[in-house]
Amino acid sequence: MVEKRAAGLALLLALALLLGGCGASASPAPTEAPIGTEAPPAVAEPVVSVSAGGLAVAAQEGEIYFPSEEQWSYHFVYSYPHLLGEDYVSAAINDTYQMALDEMLQLVLPMFANADTMQFDGQNEVSHDFYVTCNNDRLLSIVQNRRQTMGEEGVTLAIEPLTFDVSGEYQGDTLTLRGCILADVGDTPVDEMTVEAYPQAAKLIAGSSESISEAVAQHLYPEFVKLQEAGIARGDVDEEDFLWEFAPAANFYVDEEGRVVFFFPPALLAEPSFDVPTFPFTAAELENLL
């Protein structure tokens, strides 16, 4: 079985990223601010993506040291998505990322900075960055790259994508794999789609994210073997390990053409990198897989 490198830390950081909240609170002030205090609003938020309808995504950026800038054990540099609109969708999506950022700033990193078992070589670098892969007024797909140095244990990399419904039935919510695929099929809410109305997606409608994920994983395993033969993917990963590590229901984002793009996690590569192999599929191609 593939070794779960620094599993405890990775899981805690993943939890901090994915936790969603009902209300966003301001980030704590940088260096040496008491936990839970409010920080002044960001002065500049560079816009990184604007949809045809005007949905603007900016970057909320910052840098902080724990427990202090003079004597730090954790240095966190981040760039998180922040929508500039005043509508419900923007507020809901901002809540998701603000809660994740608050968890890092107010809970996870302060806790790690005071835990001897999380010190590694005494100074640990953590960085979170993101990019937008789809902003088409129907879906907003954002990929977050997370990097952590861990002393002699090296560097861990993780890619965390989320795709949000912008104008459909679940506005402001994240969509499942199946939901993202069917959003490209028609404007009817997923739960109301019928085989009679959309015969071209009959198997997708009758299926689930899990069944689609299993089909995609089996289909892409031969591609992984080719990468192993080319020295790009880890040679010590067999099919069982691959199916354990690669989760298509989570390892995907949507591109500007509405295609679902699956990617192999950095941990499966011989030299872990954010430049991972990607495999785009249309809804029709995924229907054929089933």
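Draft legend 1. A look at the overall build of the protein chain. A tally of helices and strands in the protein chain yields seven helices and nine strands. A buried classification covers 48% of the 290 residues belonging to the protein chain. Of the accessible surface of the protein chain, which amounts to about 13800 Å², a share of 52% is contributed by carbon and sulfur atoms.

Draft legend 2. Quick peek at the packing of aromatic side chains. This model, assessed by the stated rule, comprises 16 aromatic pairs. Their ring planes at 55° and their centres at 5.8 Å tell us that Y97 and F164 sit as a pair that is tilted. Of this pair, Y97 sits in helix α2 (residues 88-113) while F164 sits in strand β6 (residues 155-165), and the two are 67 residues apart along the sequence. Both residues of the pair, Y97 and F164, count as buried. Centre to centre, the rings of F264 and F279 are 4.9 Å apart; their planes meet at 50°, and the pair counts as tilted.

Draft legend 3. Layout of α2. Helix length check: α2 (26 residues) gives 36 Å between terminal C-alpha atoms against 38 Å at 1.5 Å per residue, within 8%. The N-cap of α2, judged by a side-chain oxygen 3.4 Å from the amide nitrogen of V89 a few residues on, is D87.

Draft legend 4. Quick look at the pattern of salt bridges. Under the definition given, this model contains six salt bridges. Note that R146 and E160 form a salt bridge whose closest N and O atoms lie 3.2 Å from each other. On the criterion of sequence distance, the pair formed by R146 in strand β5 (residues 139-149) and E160 in strand β6 is long-range, its members being 14 residues apart. Here R146 matches E160 in class, with each residue buried. Among the ionic contacts, a cluster of salt bridges with common partners joins D255, E257 and R259.

Reading the values: rules and limits
Residues numbered from 1 in each chain as written. Predicted model: local features only at pLDDT ≥ 70, side-chain atom pairs only at ≥ 80, totals over all residues. Heavy atoms only, no water. Helix = DSSP H or I, 4+ residues; strand = E, 2+ residues; numbered from the N terminus. Buried < 20%, exposed > 50% of the residue type's maximum accessible area, 1.4 Å probe, protein only. Areas by Shrake-Rupley, 256 points an atom, 1.4 Å probe, with all protein chains shown as cover. Phe/Tyr/Trp six-rings, centres within 6.5 Å; stacked < 30°, edge-to-face > 60°. Expected span 1.5 Å × (residues − 1). Polar contact = N/O pair within 3.5 Å; in protein donor to acceptor, adjacent residues only side chain to side chain. Salt bridge = Lys/Arg side-chain N within 4 Å of Asp/Glu carboxyl O.

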